[in-house]
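Architecture and fold: a report
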Amino acid sequence: MKYQIALIPGDGIGPEIIDSACQVLNKVGATYGHEFIYTTVKAGGCAIDEFGVPLPDGALEQCLASDSVLLGAVGGPKWDTLPGHLRPERALLNIRKGMGLFANLRPARLMPMLKEASPLRRETAEKGFDLLIVRELTGGIYFGKSGRYQSEDGETAFDTETYSVKEIRRIGKVAFETARTRRGHVTSIDKANVMESSRLWRETMHELAKEYPDVQMKDMLVDNAAMQLVQNPSQFDVVVTSNIFGDILSDEASQLTGSIGLLPSASLGETKCGMYEPIHGSAPDIAGQDMANPIATVLSAAMMLRLSFGLTKEADAVEKAVDEVLNQGLRTRDIAWGGPSVSGSAMTKALVDRL
Ligand code: NAD
């Protein structure tokens, strides 16, 4: 099979980690008889430098014309002082919106060989965890009405959380469908004791749950969820929540695994064409030094194989290679904690060799 992939290397360590992911994909292609055809799309800071805008004309169209998009990271101090509409991150928001990517999937798994790195209590870390946060990405308070006005207290600002049944159902479906491929459990997180939008969220999730009798669902208030994640993370399988709650909880969950350099993510819409990216940023402090851990991007590519291309055994093989290389004791500097470490390119070579 042939697959068209739009590559957005972006800034900082982006080009290095995208190169690593492509080496891994090429090995998968050679081993399993697939051809991955890449188109490089400039977006982010590098596009600002070359074209004066973070997402040049034609870039979104190139993404839409592909079977999937693989992104490194965008941004850096060089572009930090630009106005909002010209910042590198604007490219990502416009791509997500333009591609209709309403679901953000972030797996967080405590890898047994990296337990020591987790800030969890030892006995909690011993149990391990493997959860997936499904975050609504295009609605809620980040997209609701906001503004400022003069009240009797002086300058006052507001943001509005808005959700429709349609929006809640479509993100809920992603969670229930995904739970079917995992351990069959969904935790729906809201603040239904206080917020009306959360009450609609809860009602809609309960209605949807009737269509998935094989999946167990329970509700949890977001404040409790933040606590439970630290106290007993192994209770979670799939977690589904709103844009703002997902933003916060997914960062919390990622930190419990010990390293930002290991965690992948997927953003999906109504079609199979998604955008896959590591959860970390462009790490300008280590860019160009061959120190970046490529694993988060390699695992993002594995998610792409599984979710956009339906290549399950190929995705399994990439994930297994990561586990094996880590089990062998190979560490990039971010996960070596002062011990011996290898470069990003040496880690990439080890992964390719394993495959
Ligand atoms: P960051 O994730 O880039 O870096 C945080 C720390 O983690 C740094 O010390 C960095 O060296 C380290 N790190 C990150 N990824 C690593 C990897 N793969 N291997 C080894 N170490 C790694 O976050 P930041 O420093 O807050 O942000 C830097 C830039 O990235 C900013 O401009 C920010 O806006 C941007 N950013 C982009 C995205 C994205 O493109 N999706 C996401 C977050 C931040």
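Rules of the game
- Position labels on residues start from 1 in each chain and follow its written sequence.
- The predicted nature of this model means local features are confined to residues of pLDDT at least 70 and side-chain atom pairs, given and counted, to a pLDDT of 80 or more, with totals for whole chains, interfaces and linings taken over all residues.
- The basis for every side-chain value is the complete set of heavy atoms in the structure, and neither hydrogens nor water enter the calculation.
- Secondary structure follows DSSP: runs of H or I at least 4 residues long count as helices, runs of E at least 2 residues long count as strands, and numbering of each begins at the N terminus.
- Expected span, for any helix, means 1.5 Å times one less than how many residues it has.
- When a residue's accessible area, from a 1.4 Å probe over protein chains only, is under 20% of the maximum for its type it is buried; when over 50% it is exposed; and in between it is partly exposed.
- In this description, strands pair whenever DSSP reports at least two bridges between them.
- To obtain an axis, a line is fitted to C-alpha atoms, over the contacting stretch when the element is a helix, and the angle between two such axes runs from 0 to 180 degrees between their N-to-C directions.
- Should any heavy atoms of two residues lie within 4.5 Å, those residues are considered in contact.
- Centre distance within 6.5 Å is the pairing criterion for rings of Phe, Tyr and Trp, where only the six-membered ring of Trp is used; planes under 30 degrees apart are then read as stacked, over 60 as edge-to-face, and the remainder as tilted.
- In our convention, an over-ring charge means Lys NZ or Arg CZ found within 6 Å of a ring centre and within 35 degrees of that ring's normal.

As for helix H1 (residues 14–32)
- Taking 1.5 Å per residue, 19 residues should reach 27 Å; H1 reaches 27 Å between its end C-alpha atoms and fits that length.
- Along H1, the positions that sit buried rather than exposed are Gly14, Ile17, Ile18, Ser20, Ala21, Cys22, Val24, Leu25, Val28 and Gly29.

Focus: the sheet that holds strand S2 (residues 35–40)
- Ordered by their spatial adjacency, 10 strands build an open sheet running S2-S1-S3-S12-S11-S4-S5-S10-S8-S9, and the pairing between neighbours is mixed. Of all the strands in the sheet, the pair left with one neighbour each is S2 and strand S9 (216–221). Averaged over all pairs of adjacent strands, the angle between their axes in this sheet comes to 25°, without regard to strand direction.
- The pairing of strand S8 (residues 185–190) with strand S10 (residues 238–241) spans four bridges and is classified as parallel. Following the sheet pairing, Thr187 is matched in S10 by Val239.
- Strands strand S4 (103–109), strand S5 (130–136), S8 and S10 of the sheet are contacted by helix H9 (residues 243–256), whose axis makes an angle of about 155° with S5.

Description of the packing of aromatic side chains
- With the rule as written, the count across this model stands at six aromatic pairs.
- Ring geometry for Tyr3 and Phe309: centres 4.3 Å apart, planes at 20°, overall stacked. With Tyr3 in strand S1 (residues 2–10) and Phe309 in the loop between helix H10 (295–307) and helix H11 (312–327), the pair connects residues that are 306 residues apart, well separated along the chain.
- Using a relative accessible area of 10% as the deciding quantity, one classes Phe309 as buried.
- For the ring pair Phe36 and Phe309, a centre distance of 6.3 Å and an interplane angle of 20° mean the geometry is stacked. With Phe36 in strand S2 and Phe309 in the loop between H10 and H11, the pair connects residues that are 273 residues apart, well separated along the chain.
- Lying over the aromatic face of Phe102, Arg170 brings its terminal NZ or CZ to 4.2 Å of the ring centre.

Structural notes on the environment of Leu93
- Tracing the backbone shows Leu93 in helix H4 (residues 89–99).
- Residue Leu93 is classed as partly exposed on the basis of its relative accessible area, which comes to 37%.
- Taking the C-alpha atoms as reference points, Leu93 and Thr138, 45 residues apart in sequence, are found 9.2 Å from one another.

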